[in-house]
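For reference, the chains in residue letters:
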Amino acid sequence: MTRVLGGFRALSVASLAFLALFILVVILAGTIFLDPSTLISAFFSDEIQFAIVLTLITATIATVVALIVSIPAAYVLSRSSFPGKDFIDALINIPIALPPVALGTALLIFFTNTPLGTFIDNSIVKFVFEPPGIILAQFSVISVLAVRLMKPVFDGIDSRYEKIARTLGDGELDSFVRVTLPMARDGVFAAGVLAWSRAMGEFGATVTLAGATRFKTETLPIAMFLNLSLANLENAMAIILILLALTVSVLLVSRKIAYRGAIPS
C-alpha cells in the first residue's frame, strides 16, 4: 500500500513538473531571438504605452462590472431553487463553450443588425469599433467565468449561518452582506483576480466587436496581433512578455495580499 501511494505521489509530482516545464520552455523559446533593446524600446514606445494603459483601464472596469453582476448571480444559483434553474445554469455556460470570436461576432450582429442593438449603439453607448466595445467584449467573456468560480464558494458555506443571522433580526440582504459575503471573501477575491487576468488577455471577442485600430482600440493583445500581421515577430514577442509581466506581477502581489488562501496554492 505504501509503495502504491509513493508511486502515485511520484506520478503526481512528475505531472506537475511536466506542466511547469512545458510552460517555461514555450515562454523561453520565444525570447531566444529577442534583443533586450527591442523589449526596452517597445515598452517605452507611445503605441505600447497607450496599449498598456487601455488594457489596464478596460480590464479593470470589465472586472468590476462582472463582479457586481456575478456575485449575486452565483449566490442565487447556489442557494435558490426555481423553475428553469438547470436551463439557466446551462445557458450561462455558453460563452465559456463558444470561441471568443463567435461571441464577438454575435455581439457585432446584435449591434448592427437588430433594432434594439442599433438603437443602443447609435443613441446610448457606441460599442462597435469603439473603446466601450472592448469593455463589453471582456465582460462577456469573464462574467460567466466569475460565476462558475464563485458558485462552488457559496456552495461550501453552510446556509445555517444565514438562518441564524435572520433569527437575530437580519434581513436576507443584511445576512448576505454581513455573514455570507465576508465568509466568501477569499473566493470572491480569487475569482476577481483570475477574471481580471483573463480580461487582460482577451482578444477574439474584442477584435471582432471593437476592431483593431491603432491608438484607439489597441489593447496589448491587439497590438500583438497588429505586429504579427506585419511579420514583426520581435515586437510581437516583446508585447507578449510585457503582458506576461503585468499579469504575473498582479498575481504575485495578489497572493501576498491574500496570503490566507484567496488564490488557491
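Residues numbered from 1 in each chain as written. Predicted model: local features only at pLDDT ≥ 70, side-chain atom pairs only at ≥ 80, totals over all residues. Heavy atoms only, no water.

(A) Examining the nonpolar core more closely. Among the nonpolar cores identified, the biggest contains 20 residues, and Ile48, Ile142 and Leu220 are the most heavily contacted of them. The dominant element in this core, judged by the number of residues it contributes, is helix α3 (residues 46-79), at six residues. Counting 14 residues, the second largest nonpolar core, distinct from the first, contains Leu67, Val147, Ile157 and Ala191. (Core = buried A, V, L, I, M, F, W, Y, C linked by side-chain atoms within 4.5 Å. Buried < 20%, exposed > 50% of the residue type's maximum accessible area, 1.4 Å probe, protein only. Helix = DSSP H or I, 4+ residues; strand = E, 2+ residues; numbered from the N terminus.)

(B) How the structure looks around the pattern of salt bridges. One pass over the full model with this rule turns up nine salt bridges. For Lys126, the salt bridge goes to Asp121, with nearest N and O atoms at 3.1 Å. Overall, Asp121 belongs to the buried group, its relative accessible area being 5%. Between Glu218 and Arg214 there is a salt bridge, with the nearest N and O atoms lying 3.6 Å from each other. Overall, Glu218 belongs to the buried group, its relative accessible area being 0%. When its relative accessible area of 33% is taken as the criterion, Arg214 is described as partly exposed. Residues joined in a network through salt bridges with shared partners are Glu47, Arg214 and Glu218. (Salt bridge = Lys/Arg side-chain N within 4 Å of Asp/Glu carboxyl O.)

(C) View of a nonpolar patch on the surface. On the surface, a nonpolar cluster with roughly 570 Å² of combined accessible area is contributed by Val53, Ile57, Ile61, Val64, Val65, Ile68 and Val69. Following the sequence through the fold, Val53 ends up in helix α3. Relative accessible area serves as the criterion here: at 45%, Val53 is assigned to the partly exposed category. (Patch = residues over 30% accessible without salt bridge, like charges linked within 9 Å, V, L, I, M, F, W, Y side chains within 5 Å. Areas by Shrake-Rupley, 256 points an atom, 1.4 Å probe, with all protein chains shown as cover.)

No statement about biological role is implied by the geometric values presented.
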